[in-house]
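# A structural walkthrough
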Amino acid sequence: MTPGQPGRQLMQVAFIVEDLDAAAKVWIATTGIGPFFRIDHITLGEVTYRGMPAPSADFSVALAQSGGMQIELIQQHCDTPSAYRDTIAKGTGGFHHLSIYTADYDATRQRYIDQGFVSAIDAAFGAMRFCYVDTAAALGCMIEIVEEDALQTAAFTRIAEGAAGWDGVTDPIRPLFP
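Note that the coordinates shown come from a computational prediction; the quantities given were computed from them, not determined experimentally. (Residues numbered from 1 in each chain as written. Predicted model: local features only at pLDDT ≥ 70, side-chain atom pairs only at ≥ 80, totals over all residues. Heavy atoms only, no water.)

Before going further, it helps to examine the pairing of strand β6 (residues 69–76). Most of β6 is tucked away: seven of the eight residues are buried. As judged from the five bridges shared by strand β1 (residues 10–16) and β6, these two strands associate in the parallel manner. Bridging from a neighbouring strand, I16 pairs with I74 of β6. In this structure, strand β5 (residues 59–66) lies alongside β6, joined through eight bridges in antiparallel fashion. From the neighbouring strand, Q65 faces β6, where its bridge partner is Q70. A loop of two residues connects β5 with β6, the two strands running antiparallel in sequence, and G67 in this loop sits at a positive phi of about 60 degrees. (Buried < 20%, exposed > 50% of the residue type's maximum accessible area, 1.4 Å probe, protein only. Helix = DSSP H or I, 4+ residues; strand = E, 2+ residues; numbered from the N terminus. Pairing = 2+ DSSP bridges.)

This is the structure we're talking about:
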């Protein structure tokens, strides 16, 4: 699989962490995966939390590529109810979700809804829509569905290219959007 290509395959595994930089450093030291690309204090648009309009949680992410799988670390900075806090309590960390990047967002999301799962969060990051479907009872985690978007594909490509050419030392944590 080429990173950032839409399809039904899982393309990302994500973890909630309490300290983004510390967690990225541990991932780098333990696995050699990197570099991690940060996006700080993300603001989402059109947020719906469990079917009701809601404010955006304040959170930051760090992303790295390992072969065909992307690793995402997420730090929530506030106490706003969110899909992150639904499964991982404040003060703890752990595995949170798997992600699907799709050109057919509506059909992919509906397939989960038709199975009786509910969307914990529906939101937009720029023009790109995404949701977290609460599949925790069935899979032990949520499924994130991300709509294919040219800017998102370019970001995913940048992360993959950074990993392919990384020397394991230089700029281990860097901004995704300089």
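Don't stop here, the text continues.
Enumeration according to the criterion identifies eight salt bridges in this entry. In this structure, R50 and D86 form a salt bridge, with 2.7 Å as the shortest nitrogen-oxygen distance. With R50 in the loop between β3 (45–49) and β4 (52–53) and D86 in helix α2 (residues 83–87), this pair connects stretches of sequence that are 36 residues apart. The class for R50 is partly exposed, based on a relative accessible area of 34%. The closest approach of N and O atoms between R129 and E147, which form a salt bridge, is 2.8 Å. Taken together, the positions of R129 in strand β9 (residues 128–134) and E147 in strand β10 (residues 142–147) put the pair 18 residues apart, joining distant regions of the chain. Taking relative accessible area as the criterion, E147 reaches 17% and is therefore assigned buried. One network of salt bridges, in which partners are shared, links D21, R38 and D40. (Salt bridge = Lys/Arg side-chain N within 4 Å of Asp/Glu carboxyl O.)

Right, let's get into the packing of aromatic side chains. For the structure on display, the rule yields seven aromatic pairs. Centre to centre, the rings of Y101 and F156 are 5.0 Å apart; their planes meet at 70 degrees, and the pair counts as edge-to-face. Here the residue Y101 occupies a position in strand β7 (residues 94–102), and F156 occupies one in helix α5 (residues 150–164), the gap between them amounting to 55 residues. Taking 5.8 Å as the distance between ring centres and 85 degrees as the angle between the ring planes, the aromatic pair formed by F130 and Y132 counts as edge-to-face. By the burial criterion, F130 is buried, and Y132 matches it. An aromatic cluster is built from F59, Y84, F130 and Y132, whose rings are joined through pairwise contacts. Across the ring face of Y112, the terminal group of R111 is positioned such that the distance to the ring centre comes to 5.0 Å. (Phe/Tyr/Trp six-rings, centres within 6.5 Å; stacked < 30°, edge-to-face > 60°. Lys NZ or Arg CZ within 6 Å of the ring centre and 35° of its normal.)

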